[in-house]
Amino acid sequence: MNGNEEHLVQSVTGPLSGQVPLQLRGPADMAEMLPYLLGFFPDDSIVAVGLQGPMLQQGGVIRLDIPTDPADWPSVAADTARLLVRLSGQRDRPPEQVLLYLCRDAVAPAPGAGGEADDGAGGGVAGGPGVLAGLRPLAEQLAQAFRATGVLVKESLLVSGGRWWSFLCGGESCCDPAGVPIRSVRLPSPVAAAAAFAGVAPRGSRKAIAAGLFPVGPPEDAPAREAIERAGPQLVHELSGPGGRSATLERTAVLLAEVLAEFGAGARELDRGRTARLLVGLQDKLARDRAAEYAEPDELVPAQRLWRYLARQCVPPFEHYAAPPLTLLAWTSWLAGDTATARVVLSRVLDLDQGYTLAQLLYESLNGGLHPSELHDRVRQERRARERLAVRRPADVVVPPDDPAPPAAPPAPGGPAVPTPRQHRATPEQPADPSGGANQPDRPEQPRMPRQAGDPGSSGRPPSSRQSRRKARRSGRAGGGGPAFGLPEEAGPLTVRAARRAHRPHRAHRARRAR
């Protein structure tokens, strides 16, 4: 052992008893604690746990992928240190020390080669010392990055193949070169007992959870793709029709209520048309926020089932359409106490669109140790206020008939094929000018169509993620993802403004307690 036996306090958080503090007595307990800390067995991951106060209590927790290119390790190490310090400061205060884990998939032994059985924490023990030597530079770069921010490294562990090694070990006299076996999750121990009391059990590996989020493959992908291709232009037609965005949003809300009722009765899939209509409708952030209101205890299970189903229908080239349903899946999973799924799903969203701001804020809130109850209270308040308003006064939007397709009849001679902006602004007191205005060109103005993933821009090549983020900042959009339907970002119950407000009372409470 490396002699680092000073006790520290970590927490197991579960749906049955909230946070259960647990005193860890050394690296063996730290390694055993890892899957309970995240809710899953991380693979190919960097995990950093902030330790705060004289008792070294658990603070913020973050997980990142280990870059495949070692040239990226220094920048990732610096980003890891900055992110953990920032998240810990938002929650309470910067950490005094940090506990680091490097988790690497083990090399599977050849058939018939024997080796220890896998208990869910990894493969065999093959390759352990080689993995230790290969990742030691990354461990040193992480330690340097944290020391540069004033945070000491309490322990730095490699976890691979059901064993652990300490990067702080001085030699063979300190630790076994073959590693130390991690206690199985099936064996009794203080860590396992605390997890059982909290109602927490590891969900398997991160890759196994993520595998259930990817789009469906052949032969289901072709009809799903065709349905989305039809639904995009139909939604544009809805937006240019009577009631505009308000009526379109109301149609999406009615469809959501209808579908969630079916999923509450046991349904597990939808017809292609309604699936595609929901996917394109949820690209409107106000519609996404209305969907987030289905978060009461009796609504969580059917909602999670629907969001997962919708996300898997986002086949190429429409993978980015999955950002809203996946964010909703993460939100409902977090509320249900399934932080393992929430973490993996949010990571998937940010892989699809690193500028999707709601996913960023939920990810930071989850990793910063915040509880979703305050944000959930705000969603409830918004839902009740909207329902009271709907009871007091009739709806002031006209919902178009359930046929969003363009009319088959040819347009009148000289008239535009689609409504022009002048016609969009028409009111019952001031009818629209059917000619679109005397100064309008004869050629009809076409509505903005959704740009599909990979479509070249004006430069003839796909825009880079950096260009997309720069364009989003210039246009004032708060989140990325979805087609360019020309919809403004507005403050709903679960949008950026509400999520950021949820941090402030928490920090103020901490400051008052400190005083």
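Residues numbered from 1 in each chain as written. Predicted model: local features only at pLDDT ≥ 70, side-chain atom pairs only at ≥ 80, totals over all residues. Heavy atoms only, no water.

Description of the side chain of D289
Position of D289 relative to the elements: it lies in helix α9 (residues 285–292). Note on D289: relative accessible area 1%, which makes it buried. (Helix = DSSP H or I, 4+ residues; strand = E, 2+ residues; numbered from the N terminus. Buried < 20%, exposed > 50% of the residue type's maximum accessible area, 1.4 Å probe, protein only.)

Considering unusual backbone geometry
A cis amide bond, omega 0°, links P218 with the succeeding residue P219. By the element assignment, P219 lies in the loop between α5 (206–211) and α6 (221–239). For D44, which is not a glycine, the phi torsion comes out positive at approximately 50°.

A closer look at the pairing of strand β3 (residues 45–52)
Taking burial as the measure, the 8 residues of β3 include 8 buried ones, the bulk of the element. Here β3 shows no split at all, with S45, V47, V49 and L51 on one side and I46, A48, G50 and Q52 on the other all buried. Relative to strand β4 (residues 57–65), β3 runs antiparallel, the two being bridged by 7 bridges. Across the sheet, residue A48 finds its bridge partner in β4, namely I62. What sits between β3 and β4 in their antiparallel hairpin is a turn of 4 residues, with G53 showing a positive phi close to 75°. Sheet topology note: the β3/strand β5 (residues 97–103) ladder contains 7 bridges and is antiparallel. Bridged to L51 within β5 is Q97. (Pairing = 2+ DSSP bridges.)

Overview of the packing of aromatic side chains
All told, the structure shown has 2 aromatic pairs when counted by the stated rule. Each ring, one from F318 and one from Y321, has its centre 5.3 Å from the other, and the planes form 70°; the classification is edge-to-face. Given the relative accessible area of 2%, F318 is considered buried. (Phe/Tyr/Trp six-rings, centres within 6.5 Å; stacked < 30°, edge-to-face > 60°.)

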